[in-house]
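# Understanding the architecture of this molecule
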Amino acid sequence: KHKLPQNTLVLRLTGRMGSTPSKCAKLTYLDGRPLDLDFDSVTFEAAPFDRGSVRFAYRGTILAKGDATIDQQGWWKNSTTTYPCVVKVFQSGPARERGAWKDDVESLQVAESFAKKFNDQLQSNTKVTFASPILGQVTETANFSLWLFKWKTAENVNQDDWVCIEPYLQGDGKWGKFMKWINNFGWRNIDLQGQTMHAFAHFTWYASNGQLLVCDLQGVRKGDTYLLTDPAIHSSRGRGFLGPTDMGDEGIRRFFLSHECNPFCAHFNRKKPRPFAYDPLTPPMEEGTTFTFQFPTAGIIKSTFAERQAFRGSTLGSL
């Protein structure tokens, strides 16, 4: 055997080797209330699996405290103690306060309120519902450890950031994949039978007395229910008032330019808006979401959160 020289110091490296995901151990609703669900914590991957124009999306898993099945309109439903989810992070920078998600969450809540009214009024077997998001504060960022050493591998995420957590959308059969029926600037998917989606967008304008229109309808279908997320809302106040996907009156008119009323629309007897004057500088109708930064800044309406919140509240009063 080979012997080490005298007085040689031998170090034995011990420890763990492997990857650890990011984790949110603090979960709340938008207003800070603790969850009344059975959820304990959320883990999510180091790198996003998708990105839009505003947010990164990460695959995640919710760990439940017990083994009770939770079902909120088909969103959170499982027979085990784990629930697949999507964790969203702003591309513009970290959300250091829970309130940074106010506009996103309140828009989903407004869309869901109109969806409930739509379902009640039409009494159809087909239902429309929007995601029920929760918020989480990052308590651990993803890392890779090798014995005594550790490297952060989390992308775009830091400890104490606030993230938005939504159910992972899973549909049935041919409806299982994520799809878009209409966008926020007049485009519609002619390959999909989406009468319910088109009628719902029409209904939101009718039920709000022309104050808004919910569009950019995307998600999956599960049984007789459309599970939707990330809607855009056009307001009568003008382009940009409710945020970067609010195309204002032009967005509303563009929806009706391509909209074909179907039997569901027979209940909506409000006169439609007149066609808009075509502007050659206007972006074309494409599947993707249209944003205010694609237009000259002179026509964009600036607003405070308080003004946006008051407007959303006034539209719900019409329901």
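No experiment lies behind these values; they were computed from the predicted model shown.

Reading across from one edge, S7-S15-S14-S12 is the order of the 4 strands in this open sheet, with mixed pairing throughout. Each edge of the open sheet is held by one strand with a lone partner, namely strand S7 (127-130) and strand S12 (179-182). Neighbour to neighbour, the strand axes of the sheet diverge by 40° on average, direction disregarded. Relative to the sheet, helix H1 (residues 102-122) contacts S7 and strand S15 (225-229), its axis offset from that of S7 by approximately 165°.

In a regular helix each residue adds 1.5 Å, so 13 residues correspond to 18 Å; helix H2 (residues 195-207) covers 18 Å between its end C-alpha atoms and thus fits that length. Here H2 lies mainly inside the structure; 11 of its 13 residues are buried. The set of residues buried in H2 consists of Thr 196, Met 197, His 198, Ala 199, Phe 200, Ala 201, His 202, Phe 203, Thr 204, Trp 205 and Ala 207.

Quick look at the pattern of salt bridges now. Under the definition given, this model contains 15 salt bridges. Salt-bridge contacts for Asp 230 lead to Arg 55; the nearest nitrogen and oxygen are separated by 3.2 Å. Of this pair, Asp 230 sits in the loop between S15 and strand S16 (232-235) while Arg 55 sits in strand S5 (residues 55-64), and the two are 175 residues apart along the sequence. Accessibility expressed as a relative area gives 25% for Asp 230, which makes it partly exposed. Between Arg 254 and Glu 250 there is a salt bridge, and its shortest N-O distance comes to 3.7 Å. Here the residue Arg 254 and the residue Glu 250 both occupy positions in helix H3 (residues 248-258), the gap between them amounting to 4 residues, near one helical turn. The exposure class assigned to Arg 254 is buried, which follows from its relative accessible area of 4%.

Taken together, the side chains of Phe 144, Trp 147, Leu 148, Phe 149 and Trp 151 define a hydrophobic patch exposed on the protein surface, amounting to about 560 Å² of accessible area. Where the nonpolar patch is concerned, the elements lending two or more residues are strand S9 (143-147) and strand S10 (149-152). Within the secondary structure, Leu 148 is located in the loop between S9 and S10. When its relative accessible area of 61% is taken as the criterion, Leu 148 is described as exposed.

Okay, the packing of H1 against H2 next. It is at 10 Å that the axes of H1 and H2 come closest, and there the two elements cross at 105°. One way to sum up the angle between H1 and H2 is to call them roughly perpendicular. In this structure, H1 contributes Ala 111, Phe 114, Ala 115, Lys 117, Phe 118 and Gln 121 to the contact, and H2 contributes Thr 196, Ala 199, Phe 200, Phe 203, Thr 204, Tyr 206 and Ala 207. Tallied by class, the residues present in the contact of H1 with H2 amount to 9 nonpolar, 3 polar and 1 charged.

This next bit is on the pairing of S5. As paired elements, strand S3 (residues 39-44) and S5 share 5 bridges and run antiparallel to each other. Considered in S5, the bridge of Phe 44 is made with Gly 60. Where strand S4 (residues 50-51) meets S5, 2 bridges bridge the pair, whose relative direction is antiparallel. Bridging from a neighbouring strand, Arg 51 pairs with Phe 56 of S5. Bridge count for S5 against strand S6 (residues 82-90) is 9 bridges, and the pairing is antiparallel. Residue pairing across strands places Tyr 58 opposite Val 87, the latter belonging to S6.

Rules behind the numbers
Residues numbered from 1 in each chain as written. Predicted model: local features only at pLDDT ≥ 70, side-chain atom pairs only at ≥ 80, totals over all residues. Heavy atoms only, no water. Pairing = 2+ DSSP bridges. Helix = DSSP H or I, 4+ residues; strand = E, 2+ residues; numbered from the N terminus. Axes fitted to C-alpha atoms, helices over the stretch in contact; angles between N-to-C directions. Contact = heavy atoms within 4.5 Å. Expected span 1.5 Å × (residues − 1). Buried < 20%, exposed > 50% of the residue type's maximum accessible area, 1.4 Å probe, protein only. Salt bridge = Lys/Arg side-chain N within 4 Å of Asp/Glu carboxyl O. Patch = residues over 30% accessible without salt bridge, like charges linked within 9 Å, V, L, I, M, F, W, Y side chains within 5 Å. Areas by Shrake-Rupley, 256 points an atom, 1.4 Å probe, with all protein chains shown as cover. Parallel < 35°, antiparallel > 145°, perpendicular 65-115°, else oblique. Nonpolar A, V, L, I, M, F, W, Y, C, P; charged D, E, K, R; others polar.

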